[in-house]
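Chains, contacts and geometry: an overview
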Amino acid sequence: MKKRLMVAVLSTGLFCGTVAPVTAEAATHYYSRAQYYRHKRHMRTVKRVGIGAAGGAAVGAIAAGGKGAGIGALAGAGAGYLYDRHKRHHRYH
């Protein structure tokens, strides 16, 4: 029962986290292309690490409960960061 509840909570959180309101105030203006690409590069890293952490937390929660979710999130975030570093290195070679 605890596992089903944890899976439901995580799934709902992931689903709601993907929906972002788009407003005119949220539009960002960059002064140069370099600023835009730098921001985009950082956001790509954040996205990869976040997806890894969420996936690790989900697997850890299913396997070992609450403590496993924390350990899985850390492991997933580390794996997401390593994947990002790998993809950045391959981009230029």
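The structure presented is a predicted model; accordingly, all values stated were derived computationally and were not measured. For every chain, the first residue of the written sequence is number 1, and numbering continues from 1 along that sequence. pLDDT decides what is reported in this predicted model: residues at 70 or higher carry local features, side-chain atom pairs at 80 or more are listed and counted, and totals for whole chains, interfaces and linings draw on all residues regardless. Note that the side-chain values use all heavy atoms of the structure and ignore hydrogens as well as water.

1. Looking at the overall build of the protein
- When its secondary structure is counted, the protein shows two helices and zero strands.
- Any residue under 20% of the maximum accessible area for its type is buried, any over 50% is exposed, and the rest in between are partly exposed; the area is computed with a 1.4 Å probe on protein chains only. Split into buried and exposed, the 93 residues of the protein put 15% on the buried side.
- Within the protein, contacts between residues at least 6 apart in sequence are counted, and of these 64% link residues at least 24 apart.
- Accessible area of the protein: about 7,500 Å², with a carbon and sulfur share of 66%. Helix numbering and strand numbering both begin at the N terminus, where a helix is a DSSP run of H or I of at least 4 residues and a strand a DSSP run of E of at least 2. We call two residues in contact when some of their heavy atoms are within 4.5 Å. Reported accessibility uses the Shrake-Rupley method at a 1.4 Å probe radius. Residues are deemed covered only where the shown protein chains occlude them.

2. A look at the side chain of T45
- Here T45 is to be found in helix α2 (residues 33-91).
- In this structure T45 comes out as buried when scored by relative accessible area, which is 15%.
- Contact partners of T45, with chain neighbours within four places excluded, come to D84 and R88.

3. Considering the pattern of salt bridges
- The working definition used for a salt bridge is a side-chain nitrogen of Lys or Arg within 4 Å of a carboxyl oxygen of Asp or Glu. On inspection of all chains with the given rule, the structure shows two salt bridges.
- Across the pair R88 and D84 runs a salt bridge whose closest N-O atoms are separated by 3.4 Å. Placement of the pair is R88 and D84 together in helix α2, with a separation of four residues, close to one helical turn.
- The class for R88 is partly exposed, based on a relative accessible area of 27%.
- Residue classification places D84 among the buried positions, given a relative accessible area of 1%.
- One network of salt bridges, with partners in common, ties together R48, D84 and R88.

4. Observations regarding the environment of I71
- As for its position among the elements, I71 is in helix α2.
- The class of I71 is exposed, set by a relative accessible area of 52%.
- Residues I71 and G56 lie 15 residues apart in sequence; the distance between their C-alpha atoms is 7.9 Å.

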